Amino acid sequence: MKSIASFCLFAFLLFTASEATAALEQASLPSQQQEEQLVPANLELTFTGPVDLARSTAVLFDAEGTALPTGKPFLSGPEGSIFKIPLDPAMAPGLYTVDWRVLSMDGRSAEGRYQFRVDP
């Protein structure tokens, strides 16, 4: 009986954590594998609620896995729900990866990775 109760509790916690993360992340821009002719001014991660800027991070990597410098992240949008990372307009053509982790103001977290390409 203890094992059934433990499994049910584990399943509930797993479902609740997945649901909270899904509710936090609404969309990310640029889209996965999106091809850009020009370097976007900012990477934008849009969420359903306010983001805790002090406890959120995003790291940009080039195709070789080298971390690249970005501008200081900032928030915009309704209630500070859009996490923006300024990019260098002189970025070379190539494939880039963004690893991000965001905390909401109510303590929920979400993280992910996506890629985009800058074409010549």
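About the thresholds
- Each chain carries its own residue numbering, running from 1 in the direction its sequence is written.
- Under the rules for a predicted model, residues below a pLDDT of 70 receive no local features and side-chain atom pairs below 80 are neither given nor counted, while totals for whole chains, interfaces and linings still include all residues.
- Hydrogen atoms and water are omitted, and side-chain values are computed over all heavy atoms in the structure.
- Under the DSSP-based scheme used, a helix requires at least four consecutive residues in state H or I and a strand at least two consecutive residues in state E, with every element numbered from the N terminus.
- Two residues form a contact once any of their heavy atoms are found within 4.5 Å.
- With residues, only the protein chains shown are counted as cover, and all accessible areas are computed by Shrake-Rupley using a 1.4 Å probe.
- The pairing test for Phe, Tyr and Trp rings, Trp by its six-membered ring, is centres within 6.5 Å, and the orientation test on the planes gives stacked under 30 degrees, edge-to-face over 60, and tilted for anything in between.
- Burial classes follow relative accessibility: with a 1.4 Å probe on protein chains only, a residue under 20% of its type's maximum area counts as buried, one over 50% as exposed, and anything between as partly exposed.
- Among buried residues, those of type Ala, Val, Leu, Ile, Met, Phe, Trp, Tyr and Cys that are joined through side-chain atoms within 4.5 Å constitute a nonpolar core.

A word on the overall build of the protein chain
Point 1. Along the protein chain, the regular secondary structure elements total one helix and nine strands.
Point 2. In the protein chain, the succession of α and β elements from N to C terminus is α-β-β-β-β-β-β-β-β-β.
Point 3. Sequence separation of at least 24 residues holds for 64% of the intrachain contacts in the protein chain that already meet a minimum separation of 6.
Point 4. With the model as given, the accessible surface of the protein chain reaches about 7,300 Å², and the carbon-plus-sulfur share is 61%.

Things to note about the side chain of Ser81
Point 1. Inspection of the secondary structure assignment puts Ser81 in the loop between β6 (74-76) and β7 (82-86).
Point 2. Beyond its immediate chain neighbours, meaning those up to four positions away, Ser81 contacts Leu45, Thr46, Phe47, Gly49, Pro50, Val51 and Ser76.

Structural notes on the packing of aromatic side chains
Point 1. Within this structure, the stated rule accounts for two aromatic pairs.
Point 2. Aromatic pair Phe47 and Trp100: ring centres 5.8 Å apart, planes at 65°, arrangement edge-to-face. Of the two residues, Phe47 sits in strand β3 (residues 42-47) while Trp100 sits in strand β8 (residues 94-103), which places them 53 residues apart along the sequence. Side by side, Phe47 and Trp100 carry an identical accessibility label, which is buried.
Point 3. Ring centres of Tyr96 and Phe116 lie 5.8 Å apart, and the angle between their planes is 25°; this geometry places the pair in the stacked category. On the criterion of sequence distance, the pair formed by Tyr96 in strand β8 and Phe116 in strand β9 (residues 109-118) is long-range, its members being 20 residues apart.
Point 4. For Tyr96, a relative accessible area of 6% translates into the label buried.

A short note on the nonpolar core
Soluble globular proteins tend to pack their nonpolar side chains together in the buried interior.
Point 1. Counting residues in each nonpolar core, the largest one holds 18 residues, and the members touching the most others are Leu43, Leu60, Phe83, Val98, Trp100 and Phe116.
Point 2. At the level of secondary structure, the elements contributing two or more residues to this core comprise β3, β4 (57-61), β7, β8 and β9.

Any functional reading would require information beyond the geometric quantities listed.
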